[in-house]
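These are the residues of each chain, in order.
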Amino acid sequence: MALLRPDRYFARLTCIDVQKDLIDQGFQAVLLDIDNTVRSRETDSVPDDVRGWLDRARDAGLKLCLLSNSWHESAFRFSELLGIPVVAKSCKPLIHGYFQACAKVGVPRKRTVMVGDQILTDVLGAHFAGMPAYLVVPLSDVNIKSALWQRALERRILAGSVPEGEI
């Protein structure tokens, strides 16, 4: 069950303190899921506070890389829009995408953390790859149909857990 438990659980990406929760923990890179972590699936946009967080993380010297299961061209356009490299078609929770993302930013796995909104892809894959994983509450309740059963299972796994930070 430890493979399914996030190392930390936050109410939102912006509740992760860049200094205290990342740099002071020895992280040099952050892998970020796209949908419902950075971009709201409901509005198909990046909230202003998330854009600000991404800027603060870069300004602090953290390397960022998007890690997505998307097979659509939109992942690459989104990468360009934010100026963050992407590994798309990653097939999370398989580990090759995590390794590819670490190589892309030039930071070893032990100095990299995965941040995402899904246990069965983001958290499980990071743990399979030997990396810590921070879970965030999804930006939106809108999900693709294939994720609906995952969300029900995640609620059972997280029963009793309270995310850090304000929602």
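The structure displayed is predicted, hence computed values, not measured ones.

Asks: For the overall build of the protein chain, give the residues involved together with the corresponding values.
Replies: Counting secondary structure elements, the protein chain contains 6 helices and 6 strands. Listed by position from the N terminus, the elements making up the protein chain come as β-α-β-α-β-α-β-α-β-α-β-α. Going through the 167 residues of the protein chain one by one, you find that 51% of them count as buried. Within the protein chain, contacts between residues at least 6 apart in sequence are counted, and of these 67% link residues at least 24 apart. For the protein chain, the accessible area works out to roughly 8200 Å², and carbon and sulfur atoms hold 53% of it.

Asks: Describe a nonpolar patch on the surface, naming the residues involved and giving the relevant values.
Replies: A surface patch of nonpolar side chains, about 330 Å² in accessible area, is lined by Leu3, Ile95, Phe99 and Phe128. Structurally, Phe99 can be placed in helix 4 (residues 96-105). Overall, the relative accessible area of 34% leaves Phe99 in the partly exposed class.

Asks: Got a sec to walk through the pairing of strand 5 (residues 112-116)? Specific residues and values, please.
Replies: With 5 of 5 residues buried, strand 5 lies mostly within the body of the structure. Side-chain alternation along strand 5 places Thr112, Met114 and Gly116 on one buried face and Val113 and Val115 on a second face that is also buried. The pairing of strand 2 (residues 29-32) with strand 5 spans 4 bridges and is classified as parallel. By the bridge assignment for strand 5, Val30 is matched with Val113. Where strand 5 meets strand 6 (residues 133-136), 3 bridges bridge the pair, whose relative direction is parallel. Residue pairing in the sheet places Gly116 in a bridge with Leu135 of strand 6. After leaving strand 5, the chain enters helix 5 (residues 119-128) and then returns to the sheet as strand 6, a path that is right-handed.

Asks: If you had to explain the nonpolar core to someone new, which residues and values would you point to?
Replies: In this structure, Ile16, Leu22, Leu32, Val38, Trp53 and Leu54 are the most contacted members of the largest nonpolar core, which totals 28 residues. Among the elements of the structure, helix 1 (18-22), strand 2, helix 2 (48-59), strand 3 (63-67), helix 3 (74-82), strand 5 and strand 6 are those that each provide at least two residues to this core. Those residues in contact with Leu32 that lie beyond four places of it in its chain are Leu13, Val38, Trp53, Leu54, Leu64, Cys65, Leu66, Leu67, Met114 and Val115. Counting 22 residues, the second-largest nonpolar core is a separate cluster that includes Tyr98, Met114, Leu124 and Leu135.

Asks: Got a sec to walk through the sheet that holds strand 2? Specific residues and values, please.
Replies: The strand order across the open sheet built from 6 strands is 1-6-5-2-3-4, with neighbouring strands paired in parallel fashion. Every other strand in the sheet has two partners, leaving strand 1 (8-10) and strand 4 (86-87) as the edge strands with one partner each. Bridge count between strand 1 and strand 6: 3 bridges; the pairing is parallel. When the bridges of strand 6 are listed, Tyr9 appears paired with Leu135. Along the sheet, helix 4 makes contact with strand 2, strand 3, strand 4 and strand 5, crossing strand 3 at roughly 150°.

Analysis parameters
Residues numbered from 1 in each chain as written. Predicted model: local features only at pLDDT ≥ 70, side-chain atom pairs only at ≥ 80, totals over all residues. Heavy atoms only, no water. Helix = DSSP H or I, 4+ residues; strand = E, 2+ residues; numbered from the N terminus. Buried < 20%, exposed > 50% of the residue type's maximum accessible area, 1.4 Å probe, protein only. Contact = heavy atoms within 4.5 Å. Areas by Shrake-Rupley, 256 points an atom, 1.4 Å probe, with all protein chains shown as cover. Patch = residues over 30% accessible without salt bridge, like charges linked within 9 Å, V, L, I, M, F, W, Y side chains within 5 Å. Salt bridge = Lys/Arg side-chain N within 4 Å of Asp/Glu carboxyl O. Pairing = 2+ DSSP bridges. Right-handed = clockwise from strand over helix to strand, strands pointing away. Core = buried A, V, L, I, M, F, W, Y, C linked by side-chain atoms within 4.5 Å. Axes fitted to C-alpha atoms, helices over the stretch in contact; angles between N-to-C directions.

Function cannot be read off these values alone, since they describe shape.
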